[in-house]
Amino acid sequence: MKKILLPVLIFLVISGYAQTRINGTVRDAKGEGLPGVNVLIRDSYDGTSTSIDGSFSFSTDEKDARILVATSVGYKPFERPVTLEGQELRIDIVLREEVNQLDAVVISAGSYTAGEERRRTVLKPLDIATTAGATADIAGALNTLPGTQKVGETGRLFVRGGDGNEARTFVDGMLVLSPYGPSAPNTPSRGRFLPFMFKGTSFSTGGYSAEYGQALSSALVLNSKDKAELNQTDIGILSVGADVAHTQVWGKGSASGKIQYTNLRPYMDFIRQRVDWINPPAALEGTAAFRQEIGNGKLKAFASLSETDFSLYNHSILDPALKQSLDLANRYRYGNLSYKTELAGGWGLRGGLSYSYNRNDIRQGNSPANETEKGTHAKVVVDRTLFSQFDVHAGMEVIDRDYNASRYNDTINQVQYKGFRETIAGSFAESEIQVNNRLVTRLGARYEYNSLLHQSSLDPRASIAFRPGRRGQFSFAYGIFRQSAPNAYLSLHHELLQERAEHFILNYQIITDQQTFRVEAYLKQYKGLVKFMNSDPYQIGSAGTGYAQGFELFWRDNKTLKNVDYWISYSYLDTRRDYLNYPVAAVPTFASAHNLSAVYKHFITALKTQVGLTYSYASPRTYYNPNLSRDQFLTDKTPSYQDLSVNISYLPRNWLILYVSCTNVLSRNNIFGYEYSALPDGNGQYPARAVRQPADHFLFLGVFITMSKNKSVNQLPNL
Amino acid sequence: MKMKTILLILMLGAISEIHAGDEKFKQVMISNIDLVYKASTIEEYQSAVNAFDRIAGAEKNRWEPLYYSAFGNVMMALKATEAGRKDEYLDLALAAVTKAIALAPLESELPAMEGFIHMIRVTVDPGTRGPEFSMKANMAYGKALQLNPENPRALALQAQMEFGTANFFRSSTASACQMNESALTKFAGSNAENPLAPAWGESMALGLRVQCEQTAKK
């Protein structure tokens, strides 16, 4: 037995003392030595950190075939098999940069991302809520960004010379029809979705992904919050109503609901309005959200219901004593179900279904009319990351819209109907190739088949971003975008072609921790716009054309001044259209050449108060004057639009917020345009009436209370 | 020799081998814990973190190396000046703690460390992250104290959090300071019989005591 044991013992002794020394250096691709790199023998204690010049040296007791590993943040791990047999080894290592989200160049042409707060973003979700003048309206806040034109009488987003209906809204990737609430003629409407529901917002002013179709000028992509973490109840008491919300959390899911009632009557009795209300708007809105984690998948369901009613008198321009009542009842339902999961083999799958229902019942004098739009959108998308740098995503979708309108025509004593049912089947594919941390390209295409036209189309999309230095980056985006003609025309003429826009965008941006600078130039060409033939509104076709071009600047800084965050955006727009009843190409009435916004937010710690100021300027807009000759079409211009809004949020306790906001504190008499009488007066002139703000100011007061076991929670993110 | 004896020798050898391994783990851990506590620059912390990462790679069932790796990363996050960098360190810290919690789900030090990571996350961008991450931090501290009400670090960290919040809202810091005092009592009472057990945090609590005294004077 001794004979057996002896060699074993000798072996043990030898193995104990035969150390191997390993020397070398770790450098990056440029040959610079990398300090602090962890160099080790896998699954052992042995290893070291590289010194300041990237060199290393250590001894190991490990033997035979092992794996040497070198790791460092921001670099791909290095691995090499080594044979350890007591002889000194020299190993020189080159680490390759890892393409990671934090450092990598991202395509920024045309898009403003708010949210995903881990990435450097231009806007944060909270910004939407705390921008003065926006009164917590998503569109209101986005209207302080470059690329938007202020069209104060609508409250909607108008992007780069595009009409209001060219900007489409998506919630969790699913289309939303009628995203704005109803409003009286020439008064601003509010978005139906409150910013607190979303963790991230991506506002694209052009050149967006092939995933988003049926949007000519802009895609507003809202991503709803994930599962809530805490039970809480929120109560809001507003100058125009009240709301109550509750969130309940369980193991892998959460549900929340909110009911809001607003009635503008007390407010409008108090502050004089230019609208002759019979019943000011009253609305009952309810939203519910449900979240459940299933395995590694996430299921989200969201529903929104609202009922709004109002009535008012429209006064004749020719004789203001003559008036006619206008009654509107709006019923809106929106539901959205989405699911996202990771499949085996690195595949990701997401899909969703949305349903929008919007009905307006309108009574003008004794003539009733109604309008209903129902839309269903179903989509499935798969994506996969290959080799961490090559990303593909592809999907299919169906958008079905059913639009019907009827109107009692009292001159012919008949009810007239119009409508359409349109089904668009779309599919898209896109690849994103991250060549390295400095260069990324995205190529894609979108195919659509339209059931009304029996036509199919293929639209290319491409973008590229390049970062030459450490911070600044250039991006370029190109794409062809299409959208069905507006409902009012398509319902009468099913043969109208898709309206099309071609975007070219060049962007440069520098984002550091607390400062952002962006400059962007673009050209957009329109084709296939609705156009009256021979100025006859019953003969319409798709021969309209147009262009929009311009440049935009954005600067945001929350570094220079302590507790102060401000941004300035400027947009220059040159646009003309030859569409609808235009006799010549002209600047449309919603376009303004210069738009400027300055947003200032100051948190005064001693007062526990945030004060916000927003100044907006829009240069004069054209308006149609029927008293002018044909060659003077749209040559008259309104005065410029200017507004200074203020908001103050006061946090006396961490569960209580008092909020006050007021628009147009300088009481400027803004004129958005002129309406003309349909009939001329005694002198053969058409008299005009200015389209003005419904009131000089909009004053809003709110008290927000949060009840939760956790003391550090309040509604600040909801405001 | 009989077969039994051979077996016995082999078994003893195996046991001593295990024992030696255990001893090595302990020794290497102790020397690196010493290093991480003494570190003051990012380089020194990185070097200690690298050592803990190596140990964690070799000792796949031990939570301690992951815990100290997280601690070192949090310290680097505090030292780093750029927000993106801070986040990178905090991401690594969170990944290590999450791994450790899977190994030792009942260890109260781990959720305490998780809360610490969330709390530092808040300081990177308080306006945006305050609500979400202060809530997460509080939940993690609550978890830690549920597992071990005597954990002085969990208590001291929660006191820091409450003090900061109370200070922000100008409300009374009394309860935060009281919590900090009870943490200090627990620090004094905690006997470090296990050299691998976390022992940091007392000076942080002492620092808060000074702040509390200053606030009380005003």
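Computed from a predicted model, the values in this text were never measured in an experiment. (Residues numbered from 1 in each chain as written. Chains lettered and ligands numbered in written order. Predicted model: local features only at pLDDT ≥ 70, side-chain atom pairs only at ≥ 80, totals over all residues.)

Considerations on the overall build of chain B
Worth spelling out the cut-off: Counting from the N terminus, the helices are DSSP H or I runs at least four residues long and the strands are E runs at least two residues long. With C-beta atoms placed from the backbone, a residue counts as buried when 20 or more other C-beta atoms lie within 10 Å of its own, as exposed when 12 or fewer do, and as partly exposed for counts between those limits. Contact criterion: two residues are in contact if their C-beta atoms, reconstructed from the backbone, are within 7 Å.
Looking only at helices and strands, chain B features 9 helices and 0 strands. Order of helices (α) and strands (β) in chain B, N terminus to C terminus: α-α-α-α-α-α-α-α-α. Residue burial in chain B is summarised as follows: out of 218 residues, 45% are buried. For chain B, long-range pairs separated by at least 24 residues make up 59% of all intrachain contacts whose partners lie at least 6 apart in sequence.

Thoughts on the overall build of chain A
Each helix and strand in chain A was counted, giving 5 helices and 38 strands. Projecting the C-alpha coordinates of chain A onto the three principal axes gives extents of approximately 125 × 60 × 45 Å. Expressed as a percentage of contacts within chain A between residues at least 6 apart in sequence, the contacts between residues at least 24 apart total 59%.

Here's the deal with the sheet that holds strand β7 (residues 89–95) of chain A
Residue and element names in this part refer to chain A. Operational definition: We treat two strands as partners when DSSP finds at least two bridges between them. Under this scheme, a helix contributes an axis fitted over its contacting stretch, all axes are lines through C-alpha atoms, and angles between N-to-C directions fall in the 0 to 180 degree range.
Taken in spatial order, the 3 strands line up as β4-β1-β7 in an open sheet, and their pairing is mixed. Lying at the two open borders of the sheet, with one neighbouring strand each, are β4 (55–60) and β7. Going from strand to strand, the sheet's axes swing by 25° on average, the running direction of each strand aside. Two elements, strand β1 (residues 20–28) and β7, share 7 bridges in a ladder whose sense is parallel. Bridge pairing in β7 links I22 to L89.

Observations regarding the pairing of strand β27 (residues 515–533) of chain A
Consecutive side chains along a regular strand alternate between the two faces of the sheet. Residues and elements named next belong to chain A. Looking at chain direction, strand β26 (residues 499–511) and β27 are connected through 12 bridges and run antiparallel. From the neighbouring strand, I510 faces β27, where its bridge partner is F517. As paired strands, β27 and strand β28 (residues 536–557) are joined by 16 bridges and run antiparallel to one another. Each residue of the ladder has a partner; that of Y526, found in β28, is G546. The hairpin formed by β27 and β28 contains 2 residues between the paired strands, and N534 there has a positive phi angle of roughly 55°.

Thoughts on the packing of helix α8 (residues 174–189) of chain B against helix α9 (residues 202–217) of chain B
Residue and element names in this part refer to chain B. Condition: Crossings are sorted by hand: turned counterclockwise from the far helix by less than a right angle, the near helix makes the crossing left-handed, and turned clockwise it makes it right-handed. Asp, Glu, Lys and Arg are counted as charged, while Ala, Val, Leu, Ile, Met, Phe, Trp, Tyr, Cys and Pro are counted as nonpolar; the rest, among them Gly, fall into the polar class.
Running from amino to carboxyl end, α8 crosses α9 at an angle of 145°, the nearest separation of the two axes being 10 Å. In the crossing of α8 with α9, the sense of the turn from one axis to the other is left-handed. Residue-level contacts link C177, N180, A183, L184 and F187 of α8 to E202, A205, L208, R209 and C212 of α9. Each residue belonging to the contact of α8 with α9 can be placed in one class, and the counts come to 7 nonpolar, 1 polar and 2 charged.

Points about helix α3 (residues 64–79) of chain B
Cut-off, in case you're wondering: Take the number of residues in a helix, subtract one, and multiply by 1.5 Å to get its expected span.
In this model, α3(B) (16 residues) spans 23 Å end to end at C-alpha, consistent with the 22 Å of a helix rising 1.5 Å per residue. Among the 16 residues that make up α3(B), 14 are buried, leaving the element largely enclosed by the rest of the structure.

Structural notes on the confidence of the model for chain B
For residues with low pLDDT, the predicted coordinates do not support detailed interpretation. Residue and element names in this part refer to chain B. The following threshold applies: pLDDT expresses, on a scale from 0 to 100, how confident the predictor is about each individual residue.
Scored by pLDDT, chain B has a mean of 86; 88% of the residues are at 70 or more. Highest mean pLDDT in chain B belongs to α3 (95); lowest belongs to helix α1 (residues 3–38) (74). The ipTM for the predicted assembly is 0.83, set against a pTM of 0.80.

Some details on the sheet that holds strand β6 (residues 78–84) of chain A
All names here are of chain A. The strand order across the open sheet formed by 4 strands is β3-β2-β5-β6, and the pairing between neighbours is antiparallel. For this open sheet the edge positions go to β3 (47–49) and β6, each flanked by a neighbour on one side alone. Strand-to-strand twist of the sheet, defined as the mean angle between neighbouring strand axes without regard to direction, takes the value 15°. As paired strands, strand β2 (residues 38–41) and strand β5 (residues 64–71) are joined by 4 bridges and run antiparallel to one another. Directly across from N38, in β5, lies its bridge partner T71.

Here's the deal with the environment of A:P188
Tracing the backbone shows A:P188 in the loop between β10 (174–176) and β11 (198–204). Each C-alpha atom, one on A:P188 and one on A:P694, is 8.7 Å from the other, the two residues being 506 residues apart in sequence.

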